[in-house]
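Spelled out from the first residue to the last, the chains are:
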Amino acid sequence: MQLNSKTVTGVLLTVLILGVLYWYLFQPFRLVPERTQLAPDNGLGVAPPRAGGALGNRLVRLCPEALCRCAPLDNLSNSDFHLVAPDHLLYKQPSIVQGRTDVVTVTPWLAPVIWEGTFNPLLLDSIYKLKNITIAATVFAVGKYIRFLKDFLVTAEKHFFTGFGVHIYVFTDRVDEVPHVQMAPGRQLMVISVPSSNRWQEISARRMELVRTLIEEKLRDHVDYIFCLDVDSQFHGRWGTESLGGLVAVIHPGYYRDDRSKFPYERRPESRAYVAPGEGDFYYCGGAFGGLLQEVHQLVKICHSNFLDDAKNNIEAAWQEESHLNRYMWINKPSKVLSPEYLWQDFKPINPEVRIIRFSGVTKNYAEIRPNA
Ligand code: UDP
Ligand code: MN
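Residues numbered from 1 in each chain as written. Chains lettered and ligands numbered in written order. Predicted model: local features only at pLDDT ≥ 70, side-chain atom pairs only at ≥ 80, totals over all residues. Heavy atoms only, no water.

**Digging into the site of ligand 1**
Part 1: Among the 14 residues in the neighbourhood of ligand 1, the closest are listed as Phe140, Val142, Tyr145, Lys364 and Tyr366.
Part 2: Between an oxygen atom of ligand 1 and a main-chain N or O atom of Val142, the distance comes to 2.7 Å.
Part 3: Look at ligand 1: alone it shows 510 Å² of surface, and the protein chains cover 87% of it.
Part 4: Elements with a minimum of two residues in the shell around ligand 1: β4 (134-141) and α5 (200-219). (Near = heavy atom within 4 Å. Polar contact = N/O pair within 3.5 Å; in protein donor to acceptor, adjacent residues only side chain to side chain. Areas by Shrake-Rupley, 256 points an atom, 1.4 Å probe, with all protein chains shown as cover. Helix = DSSP H or I, 4+ residues; strand = E, 2+ residues; numbered from the N terminus.)

**What to know about the UniProt feature "binding site: an alpha-L-fucosyl-(1->2)-beta-D-galactosyl derivative" (unreviewed entry) in the protein**
Part 1: The UniProt entry lists His252 and Glu322 under the feature "binding site: an alpha-L-fucosyl-(1->2)-beta-D-galactosyl derivative" (unreviewed entry), expressed in the numbering used here. Taken along the chain, the residues just named run across 71 residues; in space they keep tight, none of their C-alpha pairs more than 10.4 Å apart.
Part 2: Structurally, His252 is set in the loop between β9 (247-251) and β10 (284-292).
Part 3: Once residues within four sequence positions are removed from consideration, His252 is found in contact with Tyr283, Tyr284, Cys285, Glu322 and Gln345.
Part 4: Separated by 2.9 Å, the side chain of His252 and the backbone nitrogen of Gly254 make a polar contact. (UniProt positions renumbered as here; feature names shortened; annotations may be inferred. Contact = heavy atoms within 4.5 Å.)

**Points about the packing of α5 against helix α6 (residues 293-312)**
Part 1: Close contact between α5 and α6 brings their axes to 8 Å; oriented N to C, the two are set at 140°. The pairing of α5 with α6 is recorded here as oblique in orientation. Helix-helix and strand crossings are classified by hand; for α5 and α6 the assignment is left-handed. On α6, the residues that touch Ala205, Met208, Glu209, Val211, Arg212, Ile215, Glu216 and Leu219 of α5 are Leu293, Val296, His297, Leu299, Val300, Lys301, Cys303, His304 and Phe307.
Part 2: In the contact of α5 with α6, the residues fall into 11 nonpolar, 2 polar and 4 charged. (Axes fitted to C-alpha atoms, helices over the stretch in contact; angles between N-to-C directions. Parallel < 35°, antiparallel > 145°, perpendicular 65-115°, else oblique. Left-handed = near helix turned anticlockwise from the far one by under 90°. Nonpolar A, V, L, I, M, F, W, Y, C, P; charged D, E, K, R; others polar.)

**Thoughts on the sheet that holds strand β13 (residues 359-361)**
Part 1: Strand order across the open sheet formed by 3 strands is β8-β13-β12, with mixed pairing between neighbours. With partners counted over all chains shown, the strands left at the sheet margins are β8 (233-235) and β12 (344-345), one partner each.
Part 2: Sheet topology places β8 next to β13; 3 bridges connect them, and they run antiparallel. Bridge pairing in β13 places Phe235 opposite Phe359. (Pairing = 2+ DSSP bridges.)

**A short note on the UniProt feature "binding site: Mn(2+)" (unreviewed entry) in the protein**
Part 1: The positions UniProt marks with the feature "binding site: Mn(2+)" (unreviewed entry) are Asp230 and Asp232. From this annotated list, the subset lining the largest cavity comprises Asp230.
Part 2: In this view, Asp230 contacts Val139, Phe152, Arg207, Gly287 and Phe359; residues no more than four positions away in its chain are not counted.
Part 3: Here the side chain of Asp230 touches Arg207 through a polar contact of 2.7 Å, side chain to side chain.
Part 4: Within the secondary structure layout, Asp232 lies in the loop between β7 (225-229) and β8.
Part 5: For Asp232, a relative accessible area of 7% corresponds to the buried category.
Part 6: When sequence neighbours within four positions are dropped, the list of residues in contact with Asp232 reads Tyr145, Phe148, Ser360, Gly361, Val362 and Lys364. (1 Å grid on protein atoms, 1.4 Å probe; cavity = no way out; pocket = protein on both sides within 12 Å on 5 of 7 lines; lining within 4 Å. Buried < 20%, exposed > 50% of the residue type's maximum accessible area, 1.4 Å probe, protein only.)

**Brief notes about the environment of Ile226**
Part 1: With respect to the helices, strands and loops of the structure, Ile226 is situated in strand β7.
Part 2: Between the C-alpha atoms of Ile226 and Thr138, which are 88 residues apart in sequence, the distance is 7.7 Å.
Part 3: With near-sequence residues (within four places) excluded, Ile226 lies in contact with Ala136, Thr138, Val211, Ile215, Leu219, Phe289, Gly290, Gly291, Leu293 and Val296.

**Side note on a nonpolar patch on the surface**
Part 1: On the surface, Leu13, Leu16, Ile17 and Val20 cluster together into a nonpolar patch covering about 410 Å² of accessible area.
Part 2: Checked against the element boundaries, Val20 lands in helix α1 (residues 5-26).
Part 3: According to the relative accessible area criterion, Val20 is exposed, its value standing at 52%. (Patch = residues over 30% accessible without salt bridge, like charges linked within 9 Å, V, L, I, M, F, W, Y side chains within 5 Å. Salt bridge = Lys/Arg side-chain N within 4 Å of Asp/Glu carboxyl O.)

**Points about the environment of Trp115**
Part 1: Take Trp115: it is sitting in the loop between β3 (113-114) and α3 (121-131).
Part 2: It is 8.0 Å that separates the C-alpha atoms of Trp115 and Val354, two residues lying 239 residues apart in sequence.
Part 3: Ignoring sequence-local partners within four residues, the contact set of Trp115 consists of Arg100, Val103, Val104, Thr105, Tyr256, Ser339, Pro340, Glu341, Glu353, Val354 and Arg358.

**Side note on the side chain of Lys336**
Part 1: Locating Lys336 in the fold gives a position in strand β11 (residues 336-338).
Part 2: For Lys336, a relative accessible area of 14% corresponds to the buried category.
Part 3: Separated by 2.9 Å, the side chain of Lys336 and the backbone oxygen of Glu242 make a polar contact.
Part 4: Among the polar contacts listed, one links the side chain of Lys336 to the backbone oxygen of Leu244, at a separation of 2.8 Å.
Part 5: Excluding residues that lie within four positions of it along the chain, Lys336 makes contacts with Ala111, Pro112, Ile114, Glu242, Ser243, Leu244, Leu247, Val248 and Ala249.

Listed below in structure tokens is the structure:
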């Protein structure tokens, strides 16, 4: 059959239009509203200024780096959310109508609050075993605080993620005094030398900066989760996979029954750690926080940068990095909240809702142990 030229042109035009349409739909840099762009959070609840002018629903191109940050569509194995349980695992039937009623177990933004009796350790460990995760912990033992390190390490070996790959990073100015503690296979201790300081406030505050550097230089690509812990504390009970999450905060034992007006947030508006009256969810501990490596990296980066901004203005937040952490968590809500079981204080009488103490700060003589008053 002979095709006339009109038919041929028609077919070619259709193919051309379909081709252009196909190219537009499947190109990687589709136009998207600016709101969906990945933007770093400055922890202040204010969008950072962007090149290119006014905010709004302007159409911008997603940068290729932003796209690369997404996992491939078919790779769920390392996702924090995809929980695979081994088949035929036998454990107590969960109830949907009975459970803890004496405490709140979920925040208003629907993050779980972890209390004894809200989780099944066997089930959680079985799920996370399949993921083959590594957990880092950082701990600072500068000056006389080196004396707390042994008990911290010995008890961590008994209770902190037992059976899992754990890398503990000790930052100290007394490298020779780091005790030798036998660790189970898959668990290791790394010692990092840091300068000593005459001010405990500085030691405390420098932690954010040093953890940031550690993550950037040593941990990325090797570690899945990280917890930053005070050394003047000991483990007394299980601290394990139930604590894993994106951004993980611990409720401070000293204020959890109080009205938010009593929380010792930084109250001077000129500080980057400022929390206004009537704001703030909970008061979180500076002595324990953690989560996915990327989340904690973001946290320490922003807290450190806010700390530096304050220093430029000659201001030191009321409770140093704890104040900055609390400010950060007000804007960047933790995806998992650990109850005060996860950082109690030895001198504090136990309350009935606290069924187990997992980690607790030892009672210390501040005047004797700190380099300055
Ligand atoms: N720290 C230290 N040497 C010091 C002061 C503080 O190594 O001279 C570290 C240590 O890890 C300690 C943490 O900073 O646990 C926080 O300080 P501290 O425990 O004194 O604060 P608190 O828990 O009493 O508020
Ligand atoms: Mn402490």
